[in-house]
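A closer look at the structure
Listed here are the chains, written in short residue letters.
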Amino acid sequence: MSIPFWCVFISALLIFIAKAPVAKAMAAEGGGRYDNHHPRAQQARLTGFGARALAAHLNSIEAFPLFAAGVLMAHSTQTYGYLIDILAITFVVSRVLYMLFYWWDLHWQRSLVWVVGLACSLLLMISPALR
């Protein structure tokens, strides 16, 4: 499997990794109980770290399709090479940093790495035109 495809796989895993602190915050909010009957209502009550963790999780879901599409566009046009690998790896690194910065409430750093990740996705999408 190619590096960009591994990065798509890792990015998919990051969505679920980002959910773990949300579940922990939900259990803390519910007095030690995760409300599996009404999880969205419980998530809506989260504040502080829990709310930031939820936002990071949701943004991971939002960012994934654009990145996956970019990788597939590069692959389907047989656009390969170091640039594609570097863009895919940079996207994954930016998403990990994005989660950490969101959890730690580092707002401008979070925005910066979000832009880096978006740029990687968009560059992957136009990479066939760059060759």
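Our subject is the structure listed above.
Residues numbered from 1 in each chain as written. Predicted model: local features only at pLDDT ≥ 70, side-chain atom pairs only at ≥ 80, totals over all residues. Heavy atoms only, no water.

1. Observations concerning the pattern of salt bridges
Here is the rule we go by: Salt bridge criterion: a side-chain nitrogen from Lys or Arg within 4 Å of a carboxyl oxygen from Asp or Glu. Think of it this way: any DSSP run of H or I at least four residues long counts as a helix, any run of E at least two long counts as a strand, and we number them from the N terminus. Summary of the burial criterion: residues with accessible area below 20% of their type's maximum are buried, those above 50% are exposed, and those between are partly exposed, where the area comes from a 1.4 Å probe applied to protein chains only.
Tallied over the entire structure, the rule returns one salt bridge. Between Arg45 and Glu29 there is a salt bridge; the shortest N-O distance is 2.8 Å. Taken together, the residues Arg45 in the loop between α3 (39–44) and α4 (48–76) and Glu29 in helix α2 (residues 19–29) connect sequence positions 16 residues apart. Residue Arg45 is classed as partly exposed on the basis of its relative accessible area of 46%. Look at Glu29 and you get partly exposed, because its relative accessible area is 30%.

2. Some words on the nonpolar core
Put simply, the rule reads: Working definition of a nonpolar core: buried Ala, Val, Leu, Ile, Met, Phe, Trp, Tyr and Cys residues. They are joined through side-chain atoms within 4.5 Å. By definition, residues are in contact when any of their heavy atoms lie within 4.5 Å.
Counting 29 residues, the largest nonpolar core has Val22, Phe67, Met99 and Leu124 as the members making the most contacts within it. Of all elements in the fold, only α1 (3–17), α2, α4, α5 (82–103) and α6 (107–130) reach the threshold of two or more residues within this core. In terms of residues, this core owes the most to one element, α5, which gives ten residues. Leave out the neighbours within four places in its chain, and Phe67 touches Cys7, Val8, Ser11, Ala88, Phe91, Ser121 and Leu124.

3. Describing the packing of aromatic side chains
Aromatic ring pairs are defined here through the distance separating the ring centres and the angle between the ring planes. Applied cut-off: Two rings belonging to Phe, Tyr or Trp (six-membered ring only in the last case) form a pair when the distance between their centres is within 6.5 Å. Interplanar angles under 30 degrees mark stacking, angles over 60 mark edge-to-face geometry, and anything in between is tilted. The rule for a charge over a ring is simple: NZ of Lys or CZ of Arg within 6 Å of the ring centre, and within 35 degrees of the ring normal.
Enumeration over the complete set of coordinates arrives at four aromatic pairs. Here Trp6 and Phe9 contribute two aromatic rings whose centre-to-centre distance is 5.9 Å and whose plane-to-plane angle is 85 degrees, an arrangement assigned as edge-to-face. Of the two residues, Trp6 and Phe9 are both situated in helix α1; the distance of three residues between them amounts to about one turn of the helix. The partly exposed category is assigned to Phe9, whose relative accessible area is 42%. Centroid distance Phe49 to Trp103: 6.5 Å. Interplanar angle 55 degrees. Geometry classified as tilted. Taken together, the residues Phe49 in helix α4 and Trp103 in helix α5 connect sequence positions 54 residues apart. Residue placement shows Arg95 over the ring face of Tyr98; its charged tip is 4.4 Å from the ring centre. Seen from the ring of Tyr102, Arg110 lies directly overhead, with NZ or CZ sitting 4.0 Å from the centre.

4. Concerning unusual backbone geometry
Glycine aside, residues mostly have negative phi angles, and peptide bonds mostly take the trans form. Here Gln78, not a glycine, exhibits a phi torsion of approximately 55 degrees, which is positive. On the secondary structure map, Gln78 appears in the loop between α4 and α5. Phi is positive for Asp105, close to 60 degrees, though the residue is something other than glycine. Relative to the assigned elements, Asp105 resides in the loop between α5 and α6. Since its relative accessible area comes to 45%, Asp105 is described here as partly exposed.

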